[in-house]
Structures are given as structure tokens and as C-alpha cells.
Amino acid sequence: MDPARPLLVQHEENGDVDELFDVKNAYYIGSYQQCINEAQKVKPTSPEKETERDMFLYRAYIAQRKYAVVLDDIKTNSPPELQAVRMFAEYLSSQNKRDAIVADLDKKMAKSVDAANTTFLLMAGSIYYHEMNTDAALRTLHQGESLECMAMTIQVLLSLDRVDLARKELKKMQEQDEDATLTQLATAWVNIAVGGEKLQDAYYIFQEMSDKYSSTLLLLNGQAACYMAQNKWEEAEGVLQEALDKDSSHPETLINLIVLTQHMGKAPEVTSRYLSQLKDAHRAHPFLKDYLAKENEFDRLVMQYAPTATA
Amino acid sequence: MLTKFETKSARVKGLSFHPKRPWVLASLHNGVIQLWDYRMCTLIDKFDEHDGPVRGIDFHKQQPLFVSGGDDYKIKVWNYKLRRCLFTLLGHLDYIRTTFFHHEYPWILSASDDQTIRIWNWQSRTCVCVLTGHNHYVMCAQFHPSEDLVVSASLDQTVRVWDISGLRKKNLSPGAVETEVRGISGVDLFGASDAVVKHVLEGHDRGVNWAAFHPSMPLIVSGADDRQVKIWRMNESKAWELDTCRGHYNNVSCAVFHPRQELILSNSEDKSIRVWDMSKRTGVQTFRRDHDRFWVLGAHPNLNLFAAGHDSGMIVFKLERERPAYAVHGNMLYYVKDRFLRQLDFNSSKDTAVMQLRSGSKFPVFSMSYNPAENAVLLCTRATNLENSTYDLYSIPKESDSQNPDAPEGKRSSGLTAVWVARNRFAVLDRMHSLLIKNLKNEIVKKVQVPSCEEIFYAGTGSLLLRDADGVTLFDVQQKRSLATVKIAKVKYVVWSADTSHVALLAKHAIMICNRKLESLCNIHENIRVKSGAWDESGVFIYTTSNHIKYALTSGDHGIIRTLDLPIYVTRVRGNSVYCLDRECRPRVLTIDPTEYRFKLALVNRKYDEVLHMVRNAKLVGQSIIAYLQKKGYPEVALHFVKDEKTRFSLALECGNIEVALEAAKALDERSCWERLGEAALLQGHHQVVEMCYQRTKNFDKLTFLYLITGNLAKLRKMMKIAEIRKDMSGHYQAALYLGDVTERVRILKNCGQKSLAYLTAATHGLDEEAEALKETFDPEKETAILSYRKSVPEVDPNGFFEGAIAAKGKAGQMAADLDMDAPGGEGWGDDAELQLDEDGFMDAQEGLGDEGVGREEGGGWEVEEDLDLPPELDLPAGAGGGAEDGFFVPPTKGMSPTQMWCNNSQLPVDHILAGSFETAMRLLHDQVGVVNFGPYKSLFMQTLSRGRTCYLGLPSLPCLRSHPQRNWKDCGAKQGLPAVGLRLSDLISRLQQCYQLTTSGRFEEAVERFRVILLSVPLLVVDNKQEIAEAQQLITICREYIVGLTMETERKKLPKDTLDQQKRLCEMAAYFTHCNLQPVHMVLVLRTALNLFFKLRNFKTAAGFARRLLELGPKPDVAQQTRKILAACEKTLTDAHQLNYDPHNPFDLCAASFVPLYRGRPVEKCPLSGACYSPPYKGQICRVTQVTEIGKDVIGLRVSPLQFR
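What counts and how
Residues numbered from 1 in each chain as written. Chains lettered and ligands numbered in written order. Predicted model: local features only at pLDDT ≥ 70, side-chain atom pairs only at ≥ 80, totals over all residues. Heavy atoms only, no water. Helix = DSSP H or I, 4+ residues; strand = E, 2+ residues; numbered from the N terminus. Buried < 20%, exposed > 50% of the residue type's maximum accessible area, 1.4 Å probe, protein only. Contact = heavy atoms within 4.5 Å. Core = buried A, V, L, I, M, F, W, Y, C linked by side-chain atoms within 4.5 Å. Phe/Tyr/Trp six-rings, centres within 6.5 Å; stacked < 30°, edge-to-face > 60°. Pairing = 2+ DSSP bridges. Axes fitted to C-alpha atoms, helices over the stretch in contact; angles between N-to-C directions. UniProt positions renumbered as here; feature names shortened; annotations may be inferred. Buried area = accessible area lost by both parts, 1.4 Å probe. Salt bridge = Lys/Arg side-chain N within 4 Å of Asp/Glu carboxyl O. Nonpolar A, V, L, I, M, F, W, Y, C, P; charged D, E, K, R; others polar. Parallel < 35°, antiparallel > 145°, perpendicular 65-115°, else oblique. pLDDT = per-residue confidence, 0-100. Polar contact = N/O pair within 3.5 Å; in protein donor to acceptor, adjacent residues only side chain to side chain. Expected span 1.5 Å × (residues − 1). Patch = residues over 30% accessible without salt bridge, like charges linked within 9 Å, V, L, I, M, F, W, Y side chains within 5 Å. Areas by Shrake-Rupley, 256 points an atom, 1.4 Å probe, with all protein chains shown as cover. Lys, Arg positive; Asp, Glu negative; His and termini not counted. Charge placed at Lys NZ, Arg CZ, Asp CG, Glu CD. 1 Å grid on protein atoms, 1.4 Å probe; cavity = no way out; pocket = protein on both sides within 12 Å on 5 of 7 lines; lining within 4 Å. Points joined across faces, edges and corners; volume = space filled by probe spheres on them.

Looking now at the overall build of chain A. Along chain A, the regular secondary structure elements total 18 helices and zero strands. Taking all 311 residues of chain A together, 56% fall into the buried category. Long-range pairs, those at least 24 residues apart, make up 51% of the contacts in chain A with a sequence separation of at least 6.

Structure representation (C-alpha cells):
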């Protein structure tokens, strides 16, 4: 075996069962409450596992936007992994502390970082990604070798439109563990970016996961994205309706519905309703930020044109 | 070879299958004939009349008869229905070896050790022919299945073929009289024999034991003591030896042709049965027994079944499985038939061959696994030697000609079983019983360590069911761990419900139903083999055994739905239809009556409305149903069926329905009933009923006490009176005591001679007069006891606490009973269940908390140590490593996004907007259609932009990823993408209707707004062909015409009409409006306005023109009539009173700004988008119609299709 491979993988290849599988799996497919439930049920066999479990537990709370739970629960004497999670929670919870947190993070990153603390790398990567500082995010993630670091790297690369590099990274993931949930999900992301025939493959990955575990907003929106990329609007409508039933103000679902309703030729009012909902509930969503920026750009550009004569 | 049935008995010398029923006759060496049902595995009957071994046995094909021949020289004909021997044919002089019926004539053929073969007429019960010629024992003689031939085998080493056409002609031609044969005859007066030897087959060099015809070809097979099986061929003139099958190493007892395949079966005293390939003359299969020599073989005339008799019994067997390999997905059934993969659509019943299978395996396909995502199948083939089993992976061709389907190249590998575990992965159980995961290229992706297992089954994505000797394990392939195990021996098939929430595990004689987590829900034992099953939509498992279709509810209830003649394999159940494949692989649909299991299902689910509906509408009533309901705890439902009052009464009590019980009790009026009812009613607090019961049973004590506790003093007093009348002294006293009626008590005591007690009572309660009177009647000194008595019972208010409480309780009880009756008791159940859950949850939580607490402590301890040992910052090597890596990591530059490609690939403005490149989009709109004022375009731009990206979530808590739907996603590759537009010409056209409606209803300004949005949207279209380009242009024209017209009309309405000039202007504008190109319905309105205005202005000539135009449009009758009137009026004076700037005959364009006519030939400036006309001074201004374009601007022109750039 390649000695450079991290410990985690060795465990798996030795046929050891990952006791936290259900916890992690639920987290990755976006079934956060289930992740929390599983985490509370599982009884880890070692302190390391327990920290790992807590890490997923708190990250699931973060994904549910319940930052206070995380901030209150994680104390200064908690393990460093959890401190990293707390940092991320703090970053997401308050807009105005963000700069300070990032500055602090920059300092930490400037020193040598314990590359074994994958959680720290992931949280740092997440913060940089939120900051759209993709260089720093990639640099940070590059130091980790866990599947999740690679998956996040892929996500960053895809947001940079570097499908070529994302594929390379995916290949590494597949070499490590092709059937892991994260690898499967990352495959789906890359497939969506590649497009064409791969869209169907991506769809199947989401579909299989929701069959096997449970359908979540994450998986449903993934399916919808695949359908819409294939111009299968009617099919996408069904999936998005299901997502809407699960959570009527989920931002990504709303965004996809904005796209969908227009492509289905519905009345413009239907579309604008979803847009208003989005503006109402998720003002800070990058989509809206982009949208507002574009509106400003439009207003600016309008000034460049004028009729030669006025009435 | 598959053994279906085995018997233990004395040596079996003869065998015969019944042609229709699942029966086989075995004649034994000890003289007994046994009739077996091989499907039910039971002995049906025994016939014991022969003395000594019975060797010949044969069922009649149509009649309930069979014939036997034994060593007692007797031929017996039996009727199995009457269960007795009908008659015995005597004539043979030695052992009888075989007896056979003719398939058509009423003949029996017998072969005997007396060296003769005889033909008997079983109707006349006479011997009609004796065939002589063999010069040793005749071991076997059989009729030809269709011709007038007999074949016989003898220990004289020959096989002979006899022609019996003479016999047939003589005996069965009309008017022929059967001559009884006496002695050895068969030769008539003229020397013509009834039966003559046609061929003598010499080749065996020992005695021949058996000879048989081929069912259709002119072939004979024989088996002899020279250990050989020989095949002979014959024609009209001769017969010759074709070939020999060597292999048996002892006497061959019997040899037969396979009725349908090119095979010969033979058995021998070497204790083996052998199967030979007829064309290659090689052994295909051998089946050995340890101790038993084989004596006889029988083939079923229609089915794929054989029987063989040996020293200690008989076996019924078949050569290969007949179960078709099939798989169901959605509405499609895939199955293998005759080397073809076929597809059956359950909805349309369309059955097509989709693929031809690669040949090469002599074994049929054992099982199939279908992958809907990739449209691929795995076909597993099992060899006799399991280790040689293989599977084939085929990709089903997309298009296929059903008559002559493609034969795609499959991928074959060795392996016991292969099943899909994911869209692009399948699991293979290889011959070493280890598990391999392979991809679509049939390459091994990984090997998985699994618990010992001998078979694998599908279990949803990523999971498998592994079967070992005594259980089934649910195994997660990804996590490589067992999730659950259930004990059940030798599962053969696994059937998942459509939503994979339940699974049925089928073993040979057992069914177990489990949930997704493999927790056993129920176990069913079957005496008959379980064959197949499928889940119906309501979650009932429908399965078949060899002879029944049955159902099983997950609660374990099961029963028979209908019987089957032959085994079938259920593929799907829907409503009343059971779709299945039969053994010939023909898809069939059977109808079943689902009432029973639906009824039970409704009961289990406590859907009582459904239950009652069924009770009322279906013919369900019967003792069995009532017993069932009572047994299963649904007495309240059973009540609805029962007419018998006694049963009704006990059922009502069982479910606590006092009302019904009371009714029944009244009808019955038996003491025991009233007593039981009283008890039950008392428990429920139903005191009125209790009272009635006590009254009926004359149970005064209890009744009194009841009145006491219910506080019913009036009744209590009555009871006292009754007791008095009944002379029940103690009852009387008790009642008085209850009532606190001292006077009465004193009276009673006095009357019964207890004077002292009476005195004391009176004295205690201050009844002095009474006391005094009493005192005199006895000697107070003797009675020393002083009773101190207080009023025992407080006087209770009739509506006091007791009654209230009890009444309330009674009411509650009643309500509860009602609930049981009507409302689904499910509520009750649900509550209980929930409560339990809650408790569990609570428990878990507590446990969890507890553990966490402990864990934390430990964690804290560890952390401290870690901190002491190795602070991460000080870990130099790691840091350095990180640094080094940092050093050569170069962050990648941003790649080319699809939106950038869109801009590169297209010159159409909408593509640029979708890409978010507003700047270039505006440039294009400016250059193509002269847009200079983009304000009104803002909402269109933003809307369009917002449909250019979808999003999907990557890792949790991270910003989402974007995807860009493209219209040419199928073939654009990485570089040639173009966005999906999302705005269709047809949608815009349909939006016109709305505008028209607004116009009709006179909401002109709104209409103009809408028309304008459509008009502005047209440049944002992408269309595919010239026609659509033209339509887009036309759409612009329509919008323009309406916008110009409606704006002018709005303008006109605002104008003053005080002076003549002003009125003239109004008329002019109305007239111009009639020259806008509008829909007829609108034009009618416009013309009427103009007509009226002109008529009023007395410009009759022009008005007449409008009137005629109006009439041409075919307006409504009333409008037309009025118009005709006006026209008539105008035509009287066909002149115009005023001169207007309007010449209907001179074509003009209308200036959209000043609303004056621009007659042909005069200079005109046009809007580059809408094409609206303006008089030259307006050049350079904003177009009034579009409000975005510059009038008279020099532009490229509208571009809405890539065609326009070629």
C-alpha cells in the first residue's frame, strides 16, 4: 500500500467498519436532523471517534443555521477540531465579525498548520470559500488528504470553472474510495459541470442516494439541476415541487424555481413571486448579491446610450 | 436432475403418470399398486389384489381406468374412482411383464414370459389377438403412439416390430365382428394374419429388457442385458441399428425417448439413470443411487417429468429447472425464452423480443438481474457442476426489430450469481464464494470480504442479501458490513416490494416477510413447494405454491386465493389480475378475487369503513369469517355479520357493546345471559342495564344494594316493601337499615319477636314512646347490651354525588364502546404505540446523555495529555512538510465559464443577457434594432438573467454550485455551448390573447403596456427556422399596429371637442384608426366609432364607406341591422359636409408621433425595431411605439436566429 495514504483509508481497507458511517453519511447528503439524531444515538468506541462524532454533530447544527448551539456548546477547553468548527459557526453567525475572524485565520495560516487537523483545514477552507478567496481555500485544502478536503477542493475548482482540474482531483478521490458517499457526490458535481451524457449519470447518483437513504433538499436540487441541464423541465418541476414541500423557503429551491417557471413559459408573476420570497428570506444569498450587482450594472450601462434627438 | 418427489416402498417394477392429474401409479414387487400425488407428496390410494409382483401398469388416457399385469398371470383393469378392480383378463400362462392401453382403441397390450404378446379388448373383455414369434420371455411390448405398430423386446435378444393394421381393419371397421381368439390363433381362414412381424431387430447380444417408439420419428430405443442402449431406425421396408450408447455397467432395465427434447433416458441395475444426447450419442447427465438398482422409467406424456422405480421406492424428477428467468421493472417484464430476451409491457400487453442471447451454454438461464438506468441485464447460468457456472452481462440494444432482434456481444465471466448493486456496479459471487464488485466493463473494482455465503440477492442500491446455510444477512457493500441477519433455512428467492419497504424470503417450504431492516414480521410454513411471489399495490404479498395462489399479509395472516392446475411464476399483481409466466414461458394473466385479503388488510389497518363496505357488498358472511374475526380480536366487526343471537350476545360482551348485548339478551331472555350481562354492565357502570338484569333475574339482594349505591331511595323503599311481601325478613331489615328508617326497623324487630332489640333500637334513636311500649313487653334487665346506633347511611340526594359520578362513568363507558365500534380503534392503538415510542425515545435520550457524560470526562482527560505531549504548533516535521507543500502549490487560474463561451458562440442578444454580459447584449441590441433607451428593458434583462443558472448544493454550509442549462447540451461538447433560452415564440404569441382581451374590454393603456412587453421581448427570442423568423416579424407588426392605434385612440379621447376644428380632428383620428391592422372583432368596434362620429359630422359619404367596411366584417345581427339603417340614411345624401385630412382611397402610413397620414411617396422615417412610421422631423427621437429605439437609426436589423448569420 502507498505509505502516504492517510490512516482513515487504511482502516477502511482493513475491513474495519466505520462506526460513524451513518452520522457522516446523513451529513453529506444533507439530512442534518438525521445526522444529529444518529450522532446522539451512536456510542463511539474511542475518544478520537467521539470528537469526530461531535464535529459532525456541530456541523449539522451549523448547516441548520443553529449557530448558537455550537457557540454555546464548544468551550475553550474543547479539542482543537471542535474549536475550528466553532470558528466557522462564529464566522457564519455574524456578518460584522467576519473580517476579524478572517484576519485571525490568516495569521494562523501564516504559521505552520497541523495538517493532521483535517477539521481545521476544512473549516478554514470553508471560510475562505465563503470569502470567495479561492486561492487561499485551495491552498489550505491542498494540505489535507481526506476525502472531504478533496471534495471541497473539487467544489472550489468547479466554482472557478476548472472542470479539468476538478476531474483530476476526482480521480484521486476515486482511487482512495470510489464508493464513498463523498466520492459519489463529487462525481455528480463534476458530471453536471461536464454536461452532455454525464448529466444522466449525475442524476442517477442523486437518485440512488435518495432511494437508498432519504431524499433531501440537497439531493432533490441536485436532481433538478440535472433535469434542467437536460432541458427536462416537466420532470424538474416534480422534483422541485417535492423540495418545496419539504421546505418552502429553501433558497436554492427558490432559485431553481425561478429558472424553471420561466422555462416552462409560466406567467412572469409566478416567477417574480419566487424572487420576492427569496429577497424576503435570504437577502445575503450570493444569488441575490449577484442579482443586485447586475441591476446596478444595468443602471450604469443605460447611461451610455441616448437618442440623438429628444422630443 | 431435480428430484421432485421420492417414495419408500418395496421394489417398484412398473410406473405410469396420469396424463392430467398430478398422479403417478407405482406397481410393486409385493403385489401392491400405489397411487401417489407427487405434487402434494401424498399416497392417495393402494390397490392390493395381485398375488406376487406387479410389473405392468398403465393409466387410460381418458377414462378413470388403469390396467395392471402381474406374476399371477392376471391382467386387471381398475377404476380408480370406484377404487376397485373392474375385471380380470385371464389367458397368459406365465408372468406378465408389461400392460398398456391403446391410445385410441379399447385395447390392452400385454407381454408375458409365456413368449406371447396379446391384445385384449377391454370393452368386450376378450383377447383379440395373440402375437407369437419370440422364443424367450417377452419383456416389453408397446403400441406405436400413432401408427398400427407394436414394438416388443425379448430375452431372445431381438426387438420386433409388428404390424397390427390387419387387426384394426378386421375388428374396428364398420360392421366388423370381433372374433374371440381361442388358443393360439390370429390367422383367419384365408391365411391373412391380424398381426405380422414387420421387422426383427437383431443387434443386442443379450436379452432385451425394454423397447420403445419415438413419439414422432421412426425411431426405436432399446435397452438390454448387454449393458447397451441401442437406437434403431425403420422405414416401410426395413429397420436398422443406428447407434449404441455405452456406459452402463450392468443390465439396462429401461430406456425411453424424451417426449420433447433430443434426449434418451435409460436406467439400469448399475444403480444409475443416464441421459444421452440423441444426436451425439454421448452421456449428458448421470444420476446415481448408492444402493438401489433401477428397474423402470416412465415419462410424463405432457410435462417435463419422469419417474424411475428402484429397489426401495420411486423418484419423480425432472431434468432441468423450468422456472423462467425474469425481472420486473415498473411496467416492464423482462424474461428469457428460447434464447431471446423478451420484454412485456404490462399496460399494453405488448410482448417483444429485444435481444438474442449468445448461444454456447447448454444450460438454460438461471436468473436475471435488470438495470433500468443502463438498460443492461445480467444473466446467470448454472452448470451441473456449480463451479462452472457463468454469467453474461448484456447491454440491451436501444432499437430492436422484434422479428429479428440483434444479438449483441455480451461479456461472460465465471461466477455463481451476479446482481446489480448500483447503476454502474454489480456484485458477483464467484466460485470461491467471495464477493466481487464489478463495473459496467466487467472489470473488478473491488473485492469484498463477506461472511460465508452461498448465494446473493438484490437488496436495493448498495446492499445485498447474503444467504448462508441457515440465514440471510443484509450486507452493505459500501460500508462492507452486515446490517442485520435473520434466521431462515435455504432461502431460494427474494421478492422486494416496489418501495423496498418489505421483502419476502422464499424457501422451499417457508415464507418469511421482513421489513427493510430485515426484522422478521411473519413466518409462514407451506406443505407444498413455494414457487414465486409478488407484492400487490396495497402491500399484500401474493405467492404461488405448486398448486395454489395464496396471499400473505405482513401481519402473518395468509390464505388461499385460488387453486392452480400447473405451477406458475407470478411476475406482478395489480387489482384483480395476477400476471405470471407459465412453464412454457408464456406470459399469462389470471384473475383472482382479492376480497378476502383486502378485507383482512382493512381490518389490520383498522379501516373499518372499508371493512363495513365490504361486509355490506361482498358475499363474505360465513362462520369462518366470524370465527376469524373473533379469533383475531375483532369481535366488534364480527357483530355485523352475526344473526344468531347467542353468538351475537357473546360477541357483544366480548367487545363491551352493552346495547347490542342487551338487545340480544332481551331476545334470548335466559337467566345466564342476564347474569353475564349484569356483570359486564356493572363493570362499565351501566347501572340502568344492571338494574334491569337484576330485575330479570330477581336478584333482590343485589338489586337492593344497587339502589343503595346509586342512591335511589324511592326504589330502595319499594325493595323494602317487596321484601316485606316476600316475607324476607333479613332483606326487609337490611333495606330498612339502608334507608335509615328506624320506625320500620323497630317494627320488623318487634314483629319477629326480637323485642329487646326493638326496644334498644327505639331507645337509641330517641323513639321514647315506642321504647316505653316495648319495654313493657319484655324484661329489660335480661338484655344488658346497649346498642349505640347512628344513622347508617346519610340521606342521599337522588341527584347527589354517587349518582352523578356513576352516571358520568356510565356515559364514559358508553362512549368508549361507541368509539370501539365506529371510530377506527387505530386511534387507541396509535396512542399506545406512540406512548411506547415516546418512552423509548426518552430512555434512549437518557442513556445517550448518561454515556455522553461519561465520554466527556474521558475526553477531557485525554485532551490534557495530548496537550502536554505534543502541542500541534511544535510539531516541526508536520509543519515543515506543510510548508514545503505550501511552497509548490500554485493556485489555479479561473477557467473559462460556460457563460463566457455563450458570448463567444453567439451574436444573439438574449444569449449575452443569459450569460450576464449586459454590456455586449446592449451593444448588440443597439446595433441590430437601434435600442438607445434601455430603461424599459430592465425587467426583461433581469428576468432573463435569472433563468440562466440553476444551482445545486455541494458540501453542506458552503455556497451552492451553479449549473448552466444549455439548449444544445446533447452535442455541444465543452466549447460550443449555447444557453437554454426559456422564451418561446409560441409563448409570446399566446400572450397576445391577453392583450386582445384587454383591448376588447377597453383597457387601452394596459393593453399597450402588454403589447409593448411582447414587442420588446421579440428581439430576445431564438428561433430555428425561416418560418419562425417571419412569424417573429409578424408579431412585431401586430404589436406595432395595436400600439399605434390604441395610443392614438387614448390620445383622441383626451382631446377637447368644443370647436368644429377640434371635432374634425377627432373624426380624422377615428378614421386613421380604421387603417390600423386590427383583429376583425376590434375593427368592428373601431369602424362603429368612426361611423358614428362621421355620421354625426354629417360626412355621410365617408360614413357610408365605413358602414360598408363594417358590414363586410360580418358583425353581430343587431349591429349589422343598425349599420344597414345608418348606411341607408347616408345613401340618401351621399356627400361630406366637411373637408377632412382623410382620403380613404389614397394609401398612407400613419405617423406614430403626430398621428397624421403620410401618403405614399412622401418622405418617411421608420423605427428600426417596430417599423412604425414617422414624419421626418422626428428622426433621432425615441420611437413612440417601442419607447426604446431611435427613429430612423441605421441598423443591421432584427436577429433572432443563428440562420440570419450564415
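Back to the text.
All names here are of chain B. Checked against the element boundaries, Y597 lands in helix α2 (residues 595-604). Counting along the chain gives 40 residues from Y597 to D557, while the straight-line C-alpha distance between them is 8.7 Å. Other than its neighbours up to four places away in sequence, Y597 contacts D536, V540, I542, Y551, L553, I561, G575 and I592.

A few words on helix α7 (residues 658-668) of chain B. Residues and elements named next belong to chain B. Among all positions of α7, only I658, V660, A661, L662, A664 and A665 are buried. For α7, the secondary structure elements touched by its buried residues are α6 (645-654), α8 (671-684) and α9 (687-697). Just beyond α7, the residue with positive phi is D669, at close to 50°.

Here we take up the nonpolar core. In terms of nonpolar packing, the biggest core is built from 213 residues, with A:W189, B:F934, B:Y937, B:F941, B:F1011 and B:Y1174 touching the most fellow members. Apart from residues lying up to four places away in sequence, B:F934 is in contact with A:F298, A:V302, A:Y305, B:M922, B:L925, B:H926 and B:F941. Within the second largest apolar cluster, 56 residues are counted, among which are B:L149, B:I231, B:I273 and B:M278.

Moving on, we come to the packing of aromatic side chains. The geometry of an aromatic ring pair is captured by two quantities: the separation of the ring centres and the angle between the planes. Within the structure shown, the criterion is met by 46 aromatic pairs over all chains. Between A:Y305 and B:F934 the ring centres are 4.9 Å apart and the planes differ by 65°, which places this aromatic pair in the edge-to-face class. With one member in each of two chains, A:Y305 in the segment after α18 (286-302) and B:F934 in the loop between α21 (918-929) and α22 (938-946) form a pair that bridges those chains. Taken individually, A:Y305 and B:F934 each receive the classification buried, so the pair is uniform in this respect. Ring centres 6.3 Å apart and planes at 55° place the aromatic pair B:F1094 and B:Y1142 in the tilted group. Residue B:F1094 is found in helix α27 (residues 1080-1096), and its partner B:Y1142 is found in the loop between α29 (1117-1132) and β58 (1148-1150); the two are separated by 48 residues along the sequence. Accessibility expressed as a relative area gives 10% for B:Y1142, which makes it buried. Each member of the aromatic cluster is reached from another via a ring pair, and the members are A:F298, A:Y305, B:F918, B:F934, B:Y937 and B:F941.

As a further point, take the sheet that holds strand β41 (residues 455-458) of chain B. Residue and element names in this part refer to chain B. Reading across from one edge, β41-β42-β43-β44 is the order of the four strands in this open sheet, with antiparallel pairing throughout. The outermost strands of the open sheet, each flanked by one partner alone, are β41 and β44 (481-487). Ignoring strand direction, the axes of neighbouring strands in this sheet form an average angle of 25°. Across four bridges, β41 lies against strand β42 (residues 463-468) in antiparallel orientation. When the bridges of β42 are listed, E455 appears paired with R467.

With numbering aligned to this structure, UniProt lists the feature "repeat: WD" (unreviewed entry) at residues 47-88, 89-130, 131-165, 201-242 and 245-286 of chain B. Overall, residues 131-165 of chain B shows 3% helix and 54% strand. The separation of its end C-alpha atoms is 13 Å.

Each side of the interface is counted separately: chain A has 98 residues, and chain B has 87 residues. Interface of chain A and chain B: buried area, both sides summed, is about 8,400 Å²; carbon and sulfur atoms make up 57% of it. When the shortest N-O distance is used, the salt bridge between B:R425 and A:D179 registers 3.8 Å. Among the residues forming the side of chain A that touches chain B, the class breakdown is 51 nonpolar, 24 polar and 23 charged.

All names here are of chain A. Direction vectors running N to C along helix α10 (residues 147-159) and helix α12 (residues 181-194) enclose 10°, while the axes themselves pass 10 Å from each other. One way to sum up the angle between α10 and α12 is to call them roughly parallel. Together, L147, E148, A151, I154, Q155 and L158 of α10 and L182, T183, A186, W189, V190 and A193 of α12 make up the contact between the two elements.

All names here are of chain B. In space, the four strands of this open sheet follow the order β33-β34-β35-β36, with antiparallel pairing throughout. The two strands at the open ends of the sheet, each matched to only one other strand, are β33 (365-371) and β36 (411-414). Here the average twist between neighbouring strands, direction ignored, is 20°. With six bridges joining them, strand β34 (residues 376-381) and strand β35 (residues 390-395) adopt antiparallel strand pairing. Note that in β35 the partner of L379 across the bridge is D392.

The next thing to look at is the confidence of the model for chain A. Per-residue pLDDT for chain A averages 88, and the proportion of residues at 70 or more is 94%. Predicted confidence is poor over residues 1-15 of chain A, with pLDDT under 50, and the contacts of this stretch with residues over four places away or in other chains come to 14 contacts.

A few words on the side chain of B:T899. Residue and element names in this part refer to chain B. Within the secondary structure layout, T899 lies in helix α19 (residues 898-905). When its relative accessible area of 12% is taken as the criterion, T899 is described as buried. Among the polar contacts made by the side chain of T899, one reaches the side chain of S897 at a distance of 2.7 Å. Discounting residues that sit within four places of it in the chain, T899 has contacts with A915, R949 and H964.

Let's shift gears to helix α28 (residues 1100-1112) of chain B. Residue and element names in this part refer to chain B. In this model, α28 (13 residues) spans 18 Å end to end at C-alpha, consistent with the 18 Å of a helix rising 1.5 Å per residue. Among the residues of α28, F1100, T1102, A1103, A1104, F1106, A1107 and L1110 are the ones counted as buried. Those residues of α28 that are buried are in contact with α26 (1060-1073), α27 and α29. G1114 lies just past α28 and shows a positive phi near 65°.

All names here are of chain A. Where like charges cluster on the molecular surface, the negative patch consists of D99, D104, D106 and E131. Position of D106 among the secondary structure elements: in helix α7 (residues 98-110). By relative accessible area, D106 is classed as partly exposed at 36%.

A few words now on empty space enclosed by the protein. All chains considered together, the criterion is met by four cavities of 30 Å³ or more. As for the largest cavity, its lining consists of 17 residues, and the residues nearest its centre are A:E208, A:K212, B:A422, B:T461 and B:Q478. Of all the secondary-structure elements, those providing two or more residues to the lining of the largest cavity are α12 and α13 (198-212) of chain A together with β37 (417-422) of chain B. A per-element tally of the lining of the largest cavity places α13(A) first, with four residues. The residue inventory of the lining of the largest cavity, partitioned by class, reads seven nonpolar, six polar and four charged.

Further remarks concern the confidence of the model for chain B. For any part of a model where pLDDT is low, the fine detail of the predicted coordinates should not be relied upon. Residue and element names in this part refer to chain B. Of the residues in chain B, 88% reach a pLDDT of 70 or more, and the chain-wide mean stands at 83. In this model, residues 180-192 is a region of pLDDT below 50 whose contacts with residues beyond four sequence positions or in other chains number 13 contacts. Within the model, the stretch residues 787-886 combines pLDDT values under 50 with 64 contacts to residues more than four positions away or in other chains. ipTM for the predicted complex: 0.91, alongside a pTM of 0.66.

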